[in-house]
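In case you want the letters, here they are:
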Amino acid sequence: MDLIILAVGAIFVQNILLAQYLGNCPFCGVSKKTGTAVGMGVAVIFVATLASIFTWLAYYRLLVPRGLEYLQTLVFILIIAALVQLVEIFLKKQSRTLYDALGIYLPLITTNCAVMGIALLNIKHGFGFVDMVVYSAASAAGFALAIILFAGVRERLFLAPVPKAMRGTAVALVTAGIMSLAFMGFAGMGK
Amino acid sequence: MLVPAMVLGGIAAVAAVALGIAARIFHVEEDPRFKGVADLLPGANCGGCGFAGCTACAEAIVRGQAEVNACVIGQTDTARQVAAFLGMEMVDNEPQIACPDCRGGIRATRKYDYAGFDDCRAAMQLFHGPTVCDHGCLGLGTCIRACQFGAIRMGDEGLPVFDPLRCVGCGSCVRACPKGIISIISETTKILHWNRYSECLAPCRQKCPAQVNVPKYIEHIRKGEFAQALMTVRESNPLPLSTGRVCPEPCSLACRRQIEDEPVAINYLKRFVADWEMAQDTRLHIPVAPDTGKRIAVIGGGPAGLSAAYYLRRLGHAVAIFEKMPALGGMLRYGIPEYRLPKRILDWEIQGILDLGIQATCNVELGKHFSIDFLRAEGFDAIFMAVGAWLDKGLGLDEDGLEGVAPGIKFLETYHHQKEITVTGKVAVIGGGNTAIDCARTSLRSGAEKVTIVYRRSRDEMPANPAEIIAAEEEGIEFRFLSAPSRILSEDNRVTGLEVLRMELGEPDPSGRRRPVPVAGSEEIVPCDLIIEAVGQEPDLEFLKSEGMPKLPLTRWNTIDAKEETLQTDVPFIFTGGDCFTGPGLMVEAIGAGRYAARSIHYYVTDGVIPPIEHRQTDLIPASLFDSISGVEEKPKVHEPIVSLEDRLGTFKEVEGTIDEEDAVYEATRCLHCGTYCYDHDLEEARQQAEQDRLQEST
Ligand SMILES: Cc1cc2nc3c(=O)[nH]c(=O)nc-3n(C[C@H](O)[C@H](O)[C@H](O)COP(=O)(O)OP(=O)(O)OC[C@H]3O[C@@H](n4cnc5c(N)ncnc54)[C@H](O)[C@@H]3O)c2cc1C
């Protein structure tokens, strides 16, 4: 039960994009078409979960015993970057179809703050292993949900008569703001 | 201090080693050509090629999933480099460009009805476009924004205008247009296209046997784009100089302009653009598809043969023409006289066709010098037989052996060969077709005292071109209508006269013409020294009996039999068309048959099967023949300059001239753009109604 609440909370209430404002660059950059948004979303779920597991292990097995918690940011960056590269190489050889579907998004994720954010939040909340895995996957799913919804809105927006000054990223940010307000409606659910 | 540094360094080292090992273990053998090709591409990652970035495009090219010219930015230079890198040779491909298929009309002015919308797709989603026409352009310019190459701009009429020089054929506009009006059209698709009932076609375009896109070339003329106009004609008619002179314009019979005043002078316009090119003395470039390696033999170099050869060559096949006469042109050269179609002009026109790389051998006759088996042994994949209809039908009046009787085609042909023969005395020409009139006018020019045309039916039934009949009348040729020859009078084996019977018109026969019935006891004598019989022709198919010929079935009219939908004969690799298939007809029919056969042959030699044309348009589409037009001002038709009578007689100077540029542009404005432009009756009525209401209110 606790795990479900945790997951729902991560997806809706503390949506990584719309409540915590992390991962805004792919949110604006890869959200013009629903198709690409889905690809990006799936790639983030995959990488974020994996990265969280490794960073969590590194933190508790490597840094905490030596009292080096303050190094977490640096270490996490290193681990995530190497991991994404590794995954890319691995996928290319082992699963060509998966590579073709996610391949072009992987390099985008290497430096994605949502993935980094999830890894850091896991530590901040002091989760155990299972909680951590659920929380990471759910947060990433929240990311996917938000970016897909947002892409749908943007596809419509593209056709609408937007004043010249507001076109493109400007109106996208305004929309993101409104979506964020809408997501705040979920805030009551957690309590 | 040491510990943290070691931890960080350790992690980095582990990551590096792991990556290094992984790269080795999971190494994917990648074609080095991927990188090679990717380096040659511009690297703009624009996606215009339809792949995710330049690297993906390079991979697709190497794998053969995309053409070497897939990159829409790089254009020819890049394509050449890529091809060279991959060890391929690049041949000039035919251009592919976007073509809009709508001129809007009233629709275009309605674009402001869309409450502030500036995107066709949005308008489409909300209102499904305007209600007037399901086909039309919405005019909001979505294609313009979709084009990455600035090739589209909004024209004065509120419709997009395409710049063929900038268009690279990437297809972004096609994908953006919600109405499906824009299409990427290559020359090949245009050549292979035949009208369908489902299309929005102007009546003239439906009526023309060659299906020339008349409204389109007239529109180009109106804008002063003569080269484009001519190229439009050439999409379906490779002989514009000749047709421009002798075609009786079946298209104009369908012209809607005649509801208001007179049909548009379509043929004058065609002649104008064709002459315009010749006057420049530089030929327009005609694109030819890459070689297919197929070889086609064309037998007979008349309009049907030339047309088939031209289109087959443009489709990329190697074509060889075999002609029995000393020069190409068929009836255009040996039948139609100099004063209608100067041979200098015909030569220029035919040379342009041969310049595409068509091989022509003259003075070789099928059945005498070579056979079908020989052509097969030589490796020809298909044969197009267009031997025309050269055999004069006789009258059966014991004329054999008499001096002073000549068959029509023979007369014209002999005349062509030995220009100096002079005709003396009185001449009687029997028949009512173009051949009869040409014989009569030729006789008159070469010294005949008096020329009489004897025809069984009345003037209205004459199959000759109406303009020809008028010209013959002007030149003083006498017509005896409703008169049938019954006996030839002779003295010492020399013709002295022709006995004719008066006829009356009876019930219509199957051709719709009223059948003439002789009136008993109405014999009369037409005194004459020369009788020219021009009462019909049929194909000379004697050669089929010679050795090395397959058995080709004939029809009961002694023409070659073939399937109407494909022009394929019972021998699968032999196709036919023109006069030898239909019997004597018009030049433009022969030209149409040539392209039609070229389509069939193209599919036959490439795919093996000839796909049927679905909903092929053969009759006029009733809905397109509107019988009233509103808001059209009367405008008189232009007239061709004509040589004076004194100048005509005794010379073979060309009688009709070409209209000048000013007249051509003026005449082009008379076109109503049927089929590409909406005449919205409802709107017009509503406007008039509103007007009336207002008037009533004010009184
Ligand atoms: C006097 C006259 C006036 C006409 N006026 C008009 C007009 O004003 N407007 C109009 O539209 N139409 C006119 N026509 C009709 C038009 O010319 C023909 O319909 C048209 O030329 C038919 O084209 P074709 O290619 O089928 O045959 P043709 O033009 O007859 O060509 C057939 C070719 O095949 C060649 N050939 C024949 N047998 C062999 C063989 N065994 N081996 C090799 N080659 C062979 C012939 O030499 C000839 O070159 C006229 C016809 C005539 C006779």
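So, here's what we can say about the structure. In this text, all values refer to a predicted model and were calculated from it rather than measured experimentally.

### Looking at the overall build of chain A
Phase 1: When you go through chain A residue by residue, the secondary structure sums to ten helices and zero strands.
Phase 2: If you list the helices and strands of chain A from N to C, you get α-α-α-α-α-α-α-α-α-α.
Phase 3: Within the span of chain A, comprising 191 residues, buried residues form 45% of the whole.
Phase 4: Put simply, 77% of the contacts in chain A that link residues at least 6 apart link residues at least 24 apart.

### Some points on the sheet that holds strand E18 (residues 530–533) of chain B
All names here are of chain B.
Phase 1: Taken in spatial order, the five strands line up as E10-E18-E11-E12-E13 in an open sheet, and their pairing is parallel. Across the chains shown, the open sheet's two edge strands, defined by having one partner strand only, are strand E10 (405–407) and strand E13 (478–480). Pairwise comparison of adjacent strand axes, ignoring direction, gives a mean angle of 20° for this sheet.
Phase 2: By the bridge criterion, five bridges tie strand E11 (residues 426–430) to strand E12 (residues 450–454) in an arrangement that is parallel. Pairing of alanine 428 across the sheet is with threonine 452, part of E12.

### Brief notes about the environment of isoleucine 321 of chain B
Residues and elements named next belong to chain B.
Phase 1: Counting through the fold element by element, isoleucine 321 comes out in strand E6 (residues 318–322).
Phase 2: A C-alpha to C-alpha distance of 5.9 Å links isoleucine 321 and isoleucine 299, two positions 22 residues apart in sequence.
Phase 3: For isoleucine 321, the residues in contact, after removing those within four places along its chain, are Val298, Gly300, Gly301, Leu306, Ala309, Leu328, Leu354, Ile358, Gln359, Ala360 and Thr361.

### Brief notes about the packing of aromatic side chains
Residue and element names in this part refer to chain B.
Phase 1: Across all of its chains, the model carries 17 aromatic pairs over all chains by this definition.
Phase 2: Their ring planes at 85° and their centres at 5.0 Å tell us that phenylalanine 226 and phenylalanine 272 sit as a pair that is edge-to-face. Residue phenylalanine 226 is found in helix H12 (residues 226–234), and its partner phenylalanine 272 is found in helix H15 (residues 266–280); the two are separated by 46 residues along the sequence.
Phase 3: Seen from the ring of phenylalanine 573, arginine 376 lies directly overhead, with NZ or CZ sitting 3.7 Å from the centre.
Phase 4: When the ring centre of tryptophan 194 is taken as reference, the NZ or CZ atom of arginine 595 above it lies at 4.0 Å.

### Brief notes about the site of the ligand
All names here are of chain B.
Phase 1: With respect to spatial proximity, 38 residues lie near the ligand, and among them Val246, Glu323, Arg340, Trp390 and Asp579 are the closest.
Phase 2: Glutamate 323 places a polar side-chain atom, nitrogen or oxygen, 2.5 Å from an oxygen atom of the ligand.
Phase 3: At 2.9 Å, a backbone N or O of methionine 331 approaches an oxygen atom of the ligand.
Phase 4: Considering the ligand on its own, with 1,000 Å² of exposed area, one finds that the protein chains cover 98% of that surface.
Phase 5: Taken together, the elements giving at least two residues each to the shell around the ligand come down to helix H16 (303–314), helix H20 (408–417), helix H21 (434–445) and helix H24 (587–606).
Phase 6: Of the residues forming the shell around the ligand, the biggest block, three residues, is contributed by H21.
Phase 7: Split by residue class, the shell around the ligand holds 20 nonpolar, twelve polar and six charged.
Phase 8: Among the domains, domain 4 (295–390 + 544–606) and domain 5 (392–538) are the pair contributing at least three residues each to the shell around the ligand.

### Notes on the side chain of glutamine 568 of chain B
All names here are of chain B.
Phase 1: Examined against the element boundaries, glutamine 568 turns out to sit in the loop between strand E19 (537–538) and strand E20 (574–576).
Phase 2: Only 2.8 Å separates the side chain of glutamine 568 from the backbone oxygen of proline 572, close enough to count as a polar contact.
Phase 3: For glutamine 568, the contacting residues outside a window of four places in its chain are Ala562, Lys563, Ile574, Phe575, Tyr604 and Ile610.

### Here's the deal with the nonpolar core
Phase 1: Residues Tyr217, Ile218, Ile221 and Phe384 of chain B are the most contacted members of the largest nonpolar core, which totals 88 residues.
Phase 2: With eleven residues, the single largest contributor to this core is H24 of chain B.
Phase 3: Two domains share this core, each providing at least three of its residues, namely domain 3 (206–283 + 621–698) and domain 4 (295–390 + 544–606) of chain B.
Phase 4: For tyrosine 217 of chain B, the contacting residues outside a window of four places in its chain are Val212, Ala229, Thr232, Val233, Ile266, Leu269 and Lys270 of chain B.
Phase 5: Ranked by size, the runner-up nonpolar core spans 57 residues in total, among them Val44, Leu63, Ile118 and Phe150 of chain A.

What counts, and where the lines are drawn
- Residues numbered from 1 in each chain as written.
- Chains lettered and ligands numbered in written order.
- Predicted model: local features only at pLDDT ≥ 70, side-chain atom pairs only at ≥ 80, totals over all residues.
- Heavy atoms only, no water.
- Helix = DSSP H or I, 4+ residues; strand = E, 2+ residues; numbered from the N terminus.
- Buried < 20%, exposed > 50% of the residue type's maximum accessible area, 1.4 Å probe, protein only.
- Contact = heavy atoms within 4.5 Å.
- Pairing = 2+ DSSP bridges.
- Axes fitted to C-alpha atoms, helices over the stretch in contact; angles between N-to-C directions.
- Phe/Tyr/Trp six-rings, centres within 6.5 Å; stacked < 30°, edge-to-face > 60°.
- Lys NZ or Arg CZ within 6 Å of the ring centre and 35° of its normal.
- Near = heavy atom within 4 Å.
- Polar contact = N/O pair within 3.5 Å; in protein donor to acceptor, adjacent residues only side chain to side chain.
- Areas by Shrake-Rupley, 256 points an atom, 1.4 Å probe, with all protein chains shown as cover.
- Nonpolar A, V, L, I, M, F, W, Y, C, P; charged D, E, K, R; others polar.
- Domains from an automatic or database assignment.
- Core = buried A, V, L, I, M, F, W, Y, C linked by side-chain atoms within 4.5 Å.

So yeah, pure geometry; function would need other evidence.
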